[in-house]
Amino acid sequence: MSVNKVFRIHPTINFARIGTSKEYYLSPETSAGLPIDGSATTGGLPIKPGTENTVIDATDLRDEDGYLKRQAARFRLYYYELDGPDAYPCPAKPTEVIKGTVLADGRKVKDIIWTVHLANKKAASYNVVPLVGVDAYKDGLPQLRNPQVYGTTGTVNDPIRLKNLVIDPGPRAVSAVANNKLKFNAKTPASYSSNGQIEEITTYPATFPSGELHYPSGKLDSLGEILTDKEGRLLVLAAHGNTAAGIDEYGDPVPCTGDLNNASWYDDAADGPVSATIVFEDGTFQEAFNAWVVCCDPSYAPQIRNVVSIWDDVYDAWVRGLNLQPQLFAEGNFNPAFLPAFESMVRPVFRAALLQRWTVNLPRMAIKAHEAVDAITAADNPDKTIMAGLNFIRNPNLTGTAQSEVNTGVPLMPLSVGDAGTSFLTVTKTQYFFLEQWSKHNFTDGEGQQLGKGEYLDMASLSNCLGGRYVPGIEMSYVIRSTDIYQQDWQTSGAGPFRLKAIPLNYAKANQAPFLTAGWFPLQEDLNGLEPGDMTKFMAIPWQTDYNSCSIHQPSINTNGVNKTNGNGTTLYWSWPAQRPDAVFVAEQVISNVLPKQQWAIRGKGTYSLDPKSASTFQKANQSVKDWDKLGVIVQGTIIGPDYDPDYYLEVQNQFDETVIPDNPALEWPFNTTPPANTPI
């Protein structure tokens with residue numbers, strides 16, 4: 001059987017994060033909250049620029065002027081020699097490709113040309129419908145955003161709507177040898193890789209918000225920039241979190257009137273494909289299988305693991321929908337003989353339960369219970385642990401009445417509000433199967449399947465992001481569960497799994513706006529592939545208003561105000577505590593390793609509320625688009641200083657003016673929206 005010599009970009013999906021500083025650090029290459037051999041510091045931390053894997057410390061989060069640094073998405077290139085159809089994990093051992101690499105077949109790498117195309121289609125897309133999620137596309141389509149921009153047809157693909165509402169600077173190509181740096185703005189010419197060379201597109205019809213606009217914190221004129229490091233790896237930098245608002249008939253900025261679908265507003269989040277052309281000394285060249293970059297919110301608690309991460313959702317979708325591992329799942333069923341590895345398939349759920357205590361206001365009794373969960377090892381008898389019989393885990397396989405009667409609030413886990421249309425969060429079906437096998441004593445010790453270098457980067461990148469609760473989410477939304485967005489022929493093409501399918505774009509004919517279409521939408525039987533902007537368009541606009549609002553809620557928020565659980569409907573739960581902290585311990589207030597009272601993560605001027613549901617938020621949505629960067633970041637004691645307990649994860653470098661409200665400690669959970677009389681709120 002012939003050997004297929006292929007190049008793959010990893011991670012298959014990586015995340016550049018917005019910040020107000022010109023400076024940056026690099027995307028993490030370890031998995032949030034999990035142990036790292038030989039280190040007391042857990043995974044998930046970003047990396048210092050110019051280094052291979054040296055993680056940042058607490059002083060690297062902001063620049064010397066106090067501006068929040070951006071996270072650059074670093075992409076690596078790997079060479080595989082595949083003998084026959086692929087499997088997961090891939091049996092071939094990959095070689096990382098940098099400038100000057102000599103491959104096993106003798107070819108020497110002269111240059112790597114990277115091409116990235118970022119776009120923002122939010123304003124031209126459909127509204128987010130929080131109560132139904134992806135089902136909004138099931139029997140028709142949601143309402144268009146900005147319907148007042150009607151065009152000639154009023155449809156999502158109307159050319160006038162696309163020209164006026166899509167932010168599209170076009171592609172940018174950089175050379176590893178030239179080490180150039182290009183911005184995604186209207187002034188920099190578009191460029192792309194063609195036949196092993198960089199071609200400029202002087203006629204590219206770039207589109208940015210135009211006309212009379214209000215800019216709350218700086219002009220929205222760029223979606224970021226790209227460059228290469230000294231080895232020729234690609235770095236993608238997000239923009240600065242700027243927004244723009246239209247001007248109404250009275251000459252005033254259009255206000256933010258909601259959390260998700262603010263008409264006449266724009267933001268600078270973005271996404272798009274990443275490609276690489278490998279140019280050899282003999283003049284030949286070869287294309288790599290593409291990756292994808294998402295430019296999104298900052299990560300304010302990078303080491304705090306989500307009980308359900310994007311990795312868990314993507315892995316579940318591939319296991320149950322794309323034949324990823326037939327030995328685990330085949331013909332619609334999990335294999336009862338499959339033995340999950342405790343450290344990589346079971347313990348991450350237990351670890352996440354412990355870590356989220358640092359971003360929510362749990363009482364001591366609940367903290368002790370979570371500590372007992374995290375203390376479980378592979379050597380323990382599952383029947384003699386606090387998780388015996390999985391009595392504290394919600395079962396995602398239950399539906400209808402069974403779900404509402406059994407999947408209640410306290411004490412079931414996770415202690416978080418659920419996805420669209422559901423009251424409480426559940427683990428994925430694959431996660432639950434792993435837990436069931438552990439509960440039945442059917443598991444193995446250790447890490448289990450050995451991932452290749454690229455495959456590990458795929459997992460680590462996605463495991464550092466929010467999953468499970470996509471209303472609509474932080475980095476990406478419910479569409480990541482849609483199997484038709486991925487490259488289907490992963491086993492025979494050489495692409496490998498978890499790779500988004502990019503639709504080919506003919507840049508040679510890019511001379512008339514709009515160049516991009518409205519793109520792919522779920523449940524519409526469109527399998528052609530994705531365009532730039534097709535992932536972030538399902539998110540809130542601007543993202544800051546959704547980030548602000550998704551803090552503390554009653555479980556009925558996702559079910560149209562109807563309490564569908566038999567738990568206490570007035571008890572408040574959290575939305576995204578690992579990505580959007582609600583209550584924190586401030587490092588500066590820790591004395592002799594004694595923890596102080598918790599503070600709300602968002603506090604200071606404009607944040608105080610008598611309503612517990614509005615705690616830890618900016619009380620006016622317009623403030624969130626200006627002050628989002630004032631939040632502190634929760635990091636482990638090991639990178640704060642030698643006097644801090646390694647088990648502590650504390651807030652550092654917040655910029656709130658707390659002199660206005662000097663004492664506003666977080667209330668201890670559980671707390672209700674209707675507290676007893678004489679109870680301070």
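Throughout this description, residue numbers start from 1 for each chain and increase along the sequence as written. Whole-chain, interface and lining totals are the exception, using all residues; otherwise, since this is a predicted model, local features are given only for residues with pLDDT of at least 70 and side-chain atom pairs are given and counted only at 80 or more. For side-chain calculations, the full set of non-hydrogen atoms in the structure is used, while hydrogens and water are omitted.

### Looking at the overall build of the protein chain
Then, number 1: Of the regular secondary structure elements, the protein chain holds 10 helices and 26 strands.
Then, number 2: We compute the radius of gyration from the C-alpha atoms alone; for a globule the expected value is 2.2 Å times N to the 0.38, where N is the number of residues. Taken over C-alpha atoms, the radius of gyration comes to 24 Å for the protein chain, in line with the 26 Å a tight globule of 681 residues would show.
Then, number 3: Referenced to the eigenvectors of the C-alpha coordinate spread, the extents of the protein chain come out at roughly 75 × 70 × 55 Å.
Then, number 4: Contact criterion: two residues are considered in contact whenever any of their non-hydrogen atoms come within 4.5 Å of each other. Relative to all contacts within the protein chain whose residues are 6 or more apart in sequence, the contacts with residues 24 or more apart total 72%.
Then, number 5: Accessibility throughout is a Shrake-Rupley quantity obtained with a 1.4 Å probe, and a residue counts as covered only by protein chains that appear here. Of the roughly 26100 Å² of accessible surface on the protein chain, a fraction of 50% belongs to carbon and sulfur atoms.
Then, number 6: Only four residue types enter the tally: Lys and Arg on the positive side, Asp and Glu on the negative side; His and the chain ends are excluded. Note that the charge is assigned to NZ on lysines, CZ on arginines, CG on aspartates and CD on glutamates. Of note, the protein chain has its 55 positive side-chain charges centred 1 Å away from the centre of its 74 negative side-chain charges. Secondary structure elements are taken from DSSP: a helix is a run of H or I of four residues or more, a strand is a run of E of two residues or more, and numbering for both begins at the N terminus.

### Observations regarding a positive patch on the surface
Then, number 1: On the surface, a cluster of positive charge is contributed by Lys22, Lys183, Lys187 and Lys219.
Then, number 2: Taking relative accessible area as the criterion, Lys22 reaches 72% and is therefore assigned exposed. The residues that make up patches have over 30% relative accessible area and no salt bridge, and they are joined within 9 Å when like-charged or within 5 Å when they are Val, Leu, Ile, Met, Phe, Trp or Tyr. Here, a salt bridge means any side-chain nitrogen of Lys or Arg that lies within 4 Å of a carboxyl oxygen of Asp or Glu. Think of it in three bands: residues with accessible area under 20% of the maximum for their type are buried, residues over 50% are exposed, and the middle band is partly exposed, with areas taken using a 1.4 Å probe on protein chains only.

### Comments concerning unusual backbone geometry
Then, number 1: With an omega dihedral of -5°, the bond running from Val471 to Pro472 counts as a cis peptide bond.
Then, number 2: Within the secondary structure, Pro472 sits in the loop between α7 (453-463) and α8 (490-493).
Then, number 3: Cis peptide bonds are those with omega within 30 degrees of zero, and the linkage from Ala513 to Pro514 qualifies with -5°.
Then, number 4: Here Pro514 is to be found in the loop between α8 and α9 (543-549).
Then, number 5: You will see that Asn195, though not glycine, has its phi angle at about 55°, which is positive.
Then, number 6: Tracing the backbone shows Asn195 in the loop between β9 (190-194) and β10 (197-201).
Then, number 7: One non-glycine residue, Ser616, lies in the positive phi region at around 60°.
Then, number 8: Checked against the element boundaries, Ser616 lands in the loop between β24 (599-600) and α10 (621-627).
Then, number 9: Note on Ser616: relative accessible area 1%, which makes it buried.

### A word on the UniProt feature "domain: L-lysine epsilon oxidase C-terminal" (unreviewed entry) in the protein chain
Then, number 1: Those places that UniProt annotates as "domain: L-lysine epsilon oxidase C-terminal" (unreviewed entry) correspond, in this numbering, to residues 420-562.
Then, number 2: Its end C-alpha atoms 13 Å apart, residues 420-562 is made of 23% helix and 1% strand. UniProt positions are given in the numbering used here, feature names are shortened, and annotations may be inferred rather than shown by experiment.

### Overview of the pairing of strand β12 (residues 222-228)
Then, number 1: Of all seven residues that make up β12, seven are buried, and the element is covered over most of its length.
Then, number 2: Strand pairing is assigned whenever DSSP detects at least two bridges linking the two strands. In this sheet, β12 lies alongside strand β8 (residues 182-185) in antiparallel orientation, the contact comprising three bridges. Within β12, the residue paired with Asn185 across the bridge is Ser222.
Then, number 3: Relative to strand β13 (residues 234-237), β12 runs antiparallel, the two sharing four bridges. Looking across to β13, one finds that Leu227 is bridged to Leu235.

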